[in-house]
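As a plain string of letters, each chain reads:
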Amino acid sequence: MNKYLISPFLIAIFLQGCGGSSSSTPDEPIEPVDYNFSLTAKLTNACGIASGFTEVELLLQDETWQTIKVYQPDENGEFSFITNKEFINYTLVAKDQQGSEAQGLNVVSYYQASSATPAHYQAQFDDLVDNSSCECVTQDLKLTHRPFSTQISVTSSSNFDDWTPIDESNTLFTGVQVCGTADGNWPLHSFSVAGIDANKKVIAAAEFMDDFTANGEGVWTLSAFLVEDTIDLVIPHQVISTNQLIRNTKHFANLVAEDDKNLLIFDVHPYISEAYYQSQASVTFVPSDSIFRSSVMKNKHQMISTSVEESLVLMAGQYQPAFNEPYFDEINADGSYDYSAVAGYPMAIINFTFTAYDPVSKLLMPAQWTFYGAEKGVLAISAPLTGYEDIINLDSRIENTNVRLIKTSITNNYHDYIKHYQGKIADELSNDFVKDITEAELNLKF
């Protein structure tokens, strides 16, 4: 052995013993950073006016989902607190009620949410909605249009009960329901009809309307001056749903079958400068040997663009996503989960629908829990839900589980995903995050 050979390890020890550095200045202590977390809970009425929602609590939680502190909102539905953690775990527990259903619970948990990003919660509680600032009207609407030998289908951005042809140039929409503000501001809605003309050609007609003041006849009349344009589709293509988005409302919804060679659109109208085209392709897989009452897997691809041609350049995955069929046991009994085998999806959105019981009335109550997290980790339900342990826990009966794995084209960073989902009220169409998204979805019924 060469007695002059000294190992790097011994040299490192020697240097440490001698101080290792000519500088004896100690490192400056790192100053803690405070983050102001804020969350606003809102309830929106029939004409789109939001008010603060207070029937909700916020549970700040640690890495193992144990509750650190429970917060209550102020009278405006706003939460705020200071934390020295850049990323936090928290759960919202909100009262929830829809239509004629009994009051239930909606629980939403966020893993490693950004404490510096303003967060939002959109509540659903129909019995608490204040529509006093709204004027809601239900009437029929007669759409007058170019002649059809046969009317085949209609669309409207408003809710309506049914439709029927009156004659070749008139179509009746029955039970059209519209809500505007009490000061007379009505939403913008569209009405369209498609069918066959005398030359056996597929045609369409449409129009917009923004005045829904009730009249003595109980029927609005609207003349459809917009005519269709035809877009040739690249064959082969998948089943595609498509529509225009104007002011966050869907117009001219259409379903394109696999063998359709073209698509009718309305691309010349007064609102085209603010319109986005939203298209989604999907492929569905139904396992034959699943142990569940029902199991369905889907691949989806969404494109949103100001160009209709660009919105139609999409393709959902053609191969079955790698969920663990037929057992689908990615979620374990202890609340841990792992969907990393379905590679390439930084975000998992996992929703459970429960059969729960009100501990006071002993009656059934609707309840659901939605978890936003990474592709693998530990669910918030793995720890007791403080104040609600007797309603929802790991032993509660699950009726339905829905798993959505999300991938946007612009980032693979999980923190970009959680910032988007904790902060969104609705998908802002100018936000690049939503413009090119793929999903792998699993729905299980027990």
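As shown above, the structure is provided for reference.
The shown structure was predicted, so the numbers you read here are calculated from the model rather than taken from an experiment.

Asker: Honestly, the overall build of the protein in this entry has me stumped. Any pointers?
Answerer: The helix and strand inventory of the protein stands at three helices and 28 strands. Reported as C-alpha extents along the three principal axes, the dimensions of the protein are approximately 105 × 60 × 50 Å. In the protein, buried positions account for 45% of the 446 residues. When contacts within the protein are restricted to residue pairs at least 6 apart in sequence, long-range pairs at least 24 apart make up 67% of them.

Asker: Any chance you could explain the sheet that holds strand β13 (residues 189-196) here in plain terms?
Answerer: Strand pairs in the sheet, formed through backbone hydrogen bonds, run parallel or antiparallel to each other. What the four strands build is an open sheet, ordered β10-β13-β14-β16; its pairing is antiparallel. Each edge of the open sheet carries a strand with a single partner, namely β10 (150-156) and β16 (226-227). For β10 and β13, the ladder comprises six bridges, and the chain directions are antiparallel. Bridge pairing links S156 to F191 in β13.

Asker: Would you explain the environment of I166 in this entry?
Answerer: On the secondary structure map, I166 appears in strand β11 (residues 162-167). Separated by 250 residues in sequence, I166 and D416 place their C-alpha atoms 52 Å apart. Residue contacts for I166: discarding those within four places in its chain leaves K142, T171 and L172.

Asker: For this particular structure, what's the right way to read the sheet that holds strand β15 (residues 219-223)?
Answerer: Spatially, the four strands line up as an open sheet ordered β11-β12-β9-β15, and their pairing is mixed. Looking along the sheet, the strands with just one partner apiece sit at the ends: β11 and β15. Strand after strand, the sheet turns through a mean of 40° between neighbouring axes, direction not considered.

Asker: For this particular structure, what's the right way to read the packing of aromatic side chains?
Answerer: Each pair of aromatic rings is reported with the distance of its centres and the angle of its planes. Scanning the model with the defined rule gives 23 aromatic pairs in all. With 5.0 Å between their ring centres and 5° between their planes, Y110 and Y372 make a pair best called stacked. Of this pair, Y110 sits in strand β7 (residues 104-114) while Y372 is found in strand β25 (residues 364-373), placing the two residues 262 residues apart along the sequence. A single burial state applies to Y110 and to Y372, both of which are buried.

Asker: Teacher, can you tell me more about unusual backbone geometry here?
Answerer: Outside of glycine, negative phi angles account for most residues, and trans bonds account for most peptide bonds. Note that the residue after I235, namely P236, is joined by a cis bond; omega there is 0°. Here P236 shows up in the loop between β17 (229-232) and β18 (240-246). Omega for the bond connecting E325 with P326 falls within 30 degrees of zero, at 5°, which places this linkage in the cis form. Relative to the assigned elements, P326 resides in the loop between α2 (308-311) and β23 (336-338). Look at R247: it is not a glycine, yet its phi comes out positive at around 55°. Note on placement: R247 falls in the loop between β18 and β19 (249-256). We classify R247 as exposed; its relative accessible area is 52%.

Asker: For this particular structure, what's the right way to read the state of the cysteines?
Answerer: In protein structure, a disulfide is the covalent linkage between the sulfur atoms of two cysteines. For the coordinates displayed, the defined rule picks out two disulfides. Note on cysteine connectivity: C47 is disulfide-linked to C134, with sulfurs 2.1 Å apart. Residues C47 and C134 are joined by a disulfide whose S-S torsion is about -75°; by sign, that bridge is left-handed. Remark: C134 occurs in strand β9 (residues 134-144) and C47 occurs in the loop between β1 (35-44) and β2 (50-52); sequence separation between them is 87 residues. In this structure C134 comes out as buried when scored by relative accessible area, which is 14%.

Asker: How should I be thinking about the side chain of T83 in this particular structure?
Answerer: Locating T83 in the fold gives a position in strand β5 (residues 78-83). Of the polar contacts made by the side chain of T83, one reaches the backbone nitrogen of K85; its length is 3.1 Å. Among all residues touching T83, those that are not within four sequence positions of it are V33, D34, Y35, I88 and S115.

Asker: What should I look at first to understand the nonpolar core in this one?
Answerer: Here is a general trend for soluble globular proteins: nonpolar side chains tend to be buried in one another's company. L105, F323, I350, W369, I392 and L405 are the most contacted members of the largest nonpolar core, which has 50 residues in total. Put simply, the parts of the chain that give this core at least two residues each are β7, β20 (262-265), β21 (276-285), β22 (294-305), β24 (347-357), β25, β27 (397-408) and β28 (436-445). Sort the elements by how many residues they give to this core and β24 lands first, with five residues. Those residues in contact with F323, other than ones at most four positions away along the chain, are M297, F328, E330, Y339, V342, L405, A440, E441 and L442.

Quick notes on the rules
- Residues numbered from 1 in each chain as written.
- Predicted model: local features only at pLDDT ≥ 70, side-chain atom pairs only at ≥ 80, totals over all residues.
- Heavy atoms only, no water.
- Helix = DSSP H or I, 4+ residues; strand = E, 2+ residues; numbered from the N terminus.
- Buried < 20%, exposed > 50% of the residue type's maximum accessible area, 1.4 Å probe, protein only.
- Contact = heavy atoms within 4.5 Å.
- Pairing = 2+ DSSP bridges.
- Axes fitted to C-alpha atoms, helices over the stretch in contact; angles between N-to-C directions.
- Phe/Tyr/Trp six-rings, centres within 6.5 Å; stacked < 30°, edge-to-face > 60°.
- Disulfide = S-S within 2.5 Å.
- Polar contact = N/O pair within 3.5 Å; in protein donor to acceptor, adjacent residues only side chain to side chain.
- Core = buried A, V, L, I, M, F, W, Y, C linked by side-chain atoms within 4.5 Å.

No statement about biological role is implied by the geometric values presented.
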